[in-house]
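Here are the chains, one letter per residue:
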Amino acid sequence: HKAPNVEEFHEENVRKVKQLHLYDCLRANKAMMAWGVEARVPFLDRRFMEIALGFNTRQKMCVDENGQKRTEKWILRKAFDLHGSRQYLPESVLWRQKEQFSDGVGYSWIDSIKAHAEAVISDQQLQAAPSRFPVKTPRTKEAYLYRDLFAKHFGENTSAAETVGWQDSIACSTEVAL
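Residues numbered from 1 in each chain as written. Predicted model: local features only at pLDDT ≥ 70, side-chain atom pairs only at ≥ 80, totals over all residues. Heavy atoms only, no water.

1. Section: the pattern of salt bridges
Here is the rule: Any Lys or Arg side-chain nitrogen located within 4 Å of an Asp or Glu carboxyl oxygen qualifies as a salt bridge. Only DSSP runs of H or I covering at least 4 residues are called helices, and only runs of E covering at least 2 are called strands; the numbering of each starts at the N terminus. Under the scheme applied here, a residue whose accessible area is under 20% of the maximum for its type counts as buried, over 50% as exposed, and between as partly exposed, the area being computed with a 1.4 Å probe on protein chains only.
Counting across every chain of the model gives ten salt bridges. Between Glu 50 and Arg 46 there is a salt bridge, with the nearest N and O atoms lying 3.0 Å from each other. Of the two residues, Glu 50 and Arg 46 are both situated in helix H3 (residues 46-54); the distance of four residues between them amounts to about one turn of the helix. On the accessibility criterion, Arg 46 (56% relative accessible area) is exposed. The partner of Lys 141 in a salt bridge is Glu 118, with the nearest N and O atoms 3.4 Å apart. Residue Lys 141 is found in helix H10 (residues 141-154), and its partner Glu 118 is found in helix H7 (residues 107-120); the two are separated by 23 residues along the sequence. One network of salt bridges, with partners in common, ties together Arg 132, Asp 148, Lys 152 and Glu 156.

2. Quick word on a nonpolar patch on the surface
Stated precisely, the cut-off is as follows: Only residues above 30% relative accessible area that lack a salt bridge enter a patch, with like-charged residues linked at up to 9 Å and the nonpolar side chains Val, Leu, Ile, Met, Phe, Trp and Tyr linked at up to 5 Å. Note on areas: Shrake-Rupley with a 1.4 Å probe; residue coverage comes only from the protein chains shown.
A cluster of nonpolar residues, Tyr 88, Leu 89 and Val 93, forms a patch on the protein surface that exposes about 270 Å² of accessible area. Within the secondary structure layout, Tyr 88 lies in the loop between helix H5 (74-79) and helix H6 (91-94).

3. Focus on helix H1 (residues 6-19)
Put simply, the rule reads: For a helix, the expected span equals 1.5 Å multiplied by the number of residues minus one. The contact criterion used throughout is that any non-hydrogen atoms of two residues lie within 4.5 Å. Contacts described as polar in this section are N or O atom pairs within 3.5 Å, which, within protein, must combine one atom able to donate a hydrogen with one able to accept it, while residues neighboring in sequence count only if both atoms come from side chains.
The end-to-end C-alpha distance of H1, which contains 14 residues, comes to 20 Å, matching closely the 20 Å that a straight helix rising 1.5 Å per residue would cover. Residues of H1 that are buried: Val 6, Phe 9, Glu 12 and Arg 15. Looking at the packing, one finds that the buried side of H1 touches helix H4 (57-60). The opening residue of H1 is Asn 5, an N-cap whose side-chain oxygen sits 3.2 Å from the backbone nitrogen of Glu 7.

This is the structure in structure tokens:
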């Protein structure tokens with residue numbers, strides 16, 4: 001949402017949609033199926049996605065035409081901003097800060113994991129990461145921590161490592177979008 005221009009914002013949106021099956025949808029599917037629950041995700045309906053991706057990208061950005069900041073997903077929220085008997089959601093829910101699916105556990109939990117990784121993974125370990133993990137090498141201490149835990153269960157550089165879409169952070173934005 002912090003992409004520097006309309007083109008990069010659009011590219012980031014398309015990239016995220018194309019990779020949903022690798023992260024958020026896969027995680028949701030596994031979590032639901034573990035309990036025998038079938039999840040429905042109406043905003044991933046093909047027709048809805050075609051309409052949403054067809055909107056003018058500037059309308060989806062966190063700044064309006066005059067450069068004034070506005071809430072993330074403003075255009076979607078505005079569609080549900082109905083009053084009286086037509087109101088779907090309370091104002092406090094409709095206009096609250098958006099959280100990434102992966103961040104829904106709260107910032108303090110994520111910050112504590114990053115702090116823990118800083119404390120337990122040394123600079124030397126991170127520097128030696130290309131030797132220990134030549135396949136999809138972790139580039140941050142947080143990523144190294146996850147990879148180390150993974151290796152304890154599935155081996156150092158087994159084919160299992162190829163099946164995971166390793167990233168530097170549990171949030172799924174590119175450096176350009178951050």
